[in-house]
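# Breakdown of the fold
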Amino acid sequence: MKTYKIAVLPGDGIGPEVMKEALKVLEVISGKHSITLEQQVGYIGGAAYDRFKTPLPEETLNMCHQADAVLLGSVGGPQWDHLPPAQTPESGGLLSLRKALRLYANLRPVVFFESLKDNSPLAAHVLKNPPDL
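Let us look at the structure shown here. (Residues numbered from 1 in each chain as written. Predicted model: local features only at pLDDT ≥ 70, side-chain atom pairs only at ≥ 80, totals over all residues. Heavy atoms only, no water.)

Turning our eyes to something else, we now look at the environment of Gly13. Note on placement: Gly13 falls in the loop between strand E1 (2-9) and helix H1 (15-32). A relative accessible area of 67% places Gly13 in the exposed class. Sequence spacing of Gly13 and Gly73 is 60 residues, and the spatial spacing of their C-alpha atoms is 9.0 Å. (Helix = DSSP H or I, 4+ residues; strand = E, 2+ residues; numbered from the N terminus. Buried < 20%, exposed > 50% of the residue type's maximum accessible area, 1.4 Å probe, protein only.)

Encoded structure:
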């Protein structure tokens, strides 16, 4: 049975709630595909700042570097808006993690509905010839 290390970073706000459900999905997948997922939970964002006074603790960063995958919840919230940019959950946590792991984008699937094209912020030429993803 193959084993994978997963760094689990629940984050802030709705992040822990969504993470709880995502881990249930991973449990089902691991059972169906005969793999073992070794999970290690870490802190990032506002939760990390509140506990360690930094949005990306060194321990979390090291854990992510050693993992086969990182499962990340949402970060941020109004209670941390007063912090300097380098300490905010988004800049100091999420963006710093992306930089450290050499990730450049947060890709998300998109569905285009023809009936909503007039309400889209995308340029008309993009809507006529959407890129293949």
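Strand order in the open sheet formed by three strands is E2-E1-E3, with parallel pairing between adjacent strands. Sheet topology places strand E2 (35-41) and strand E3 (69-72) at the edges, where each strand pairs with a single neighbour. Averaged over all neighbouring strand pairs, the angle between strand axes comes to 30°, with direction disregarded. Bridge count between E1 and E2: seven bridges; the pairing is parallel. Following the sheet pairing, Val8 is matched in E2 by Val41. Against the sheet, H1 contacts E1, E2 and E3, and its axis sits at roughly 145° relative to E3. (Pairing = 2+ DSSP bridges. Axes fitted to C-alpha atoms, helices over the stretch in contact; angles between N-to-C directions. Contact = heavy atoms within 4.5 Å.)

Of the positions making up helix H3 (residues 58-66), those classed as buried are Thr60, Leu61, Met63 and Cys64. Along the long axis of H3, the arc covered by the buried residues comes to 160°, so they all point the same way. Exposed side chains of H3 directed beyond 90 degrees from the buried face belong to Glu58, Glu59 and Gln66. Residues of H3 that are buried make contact with E1, E2, E3 and helix H4 (89-100). (Arc of directions from axis to C-beta.)

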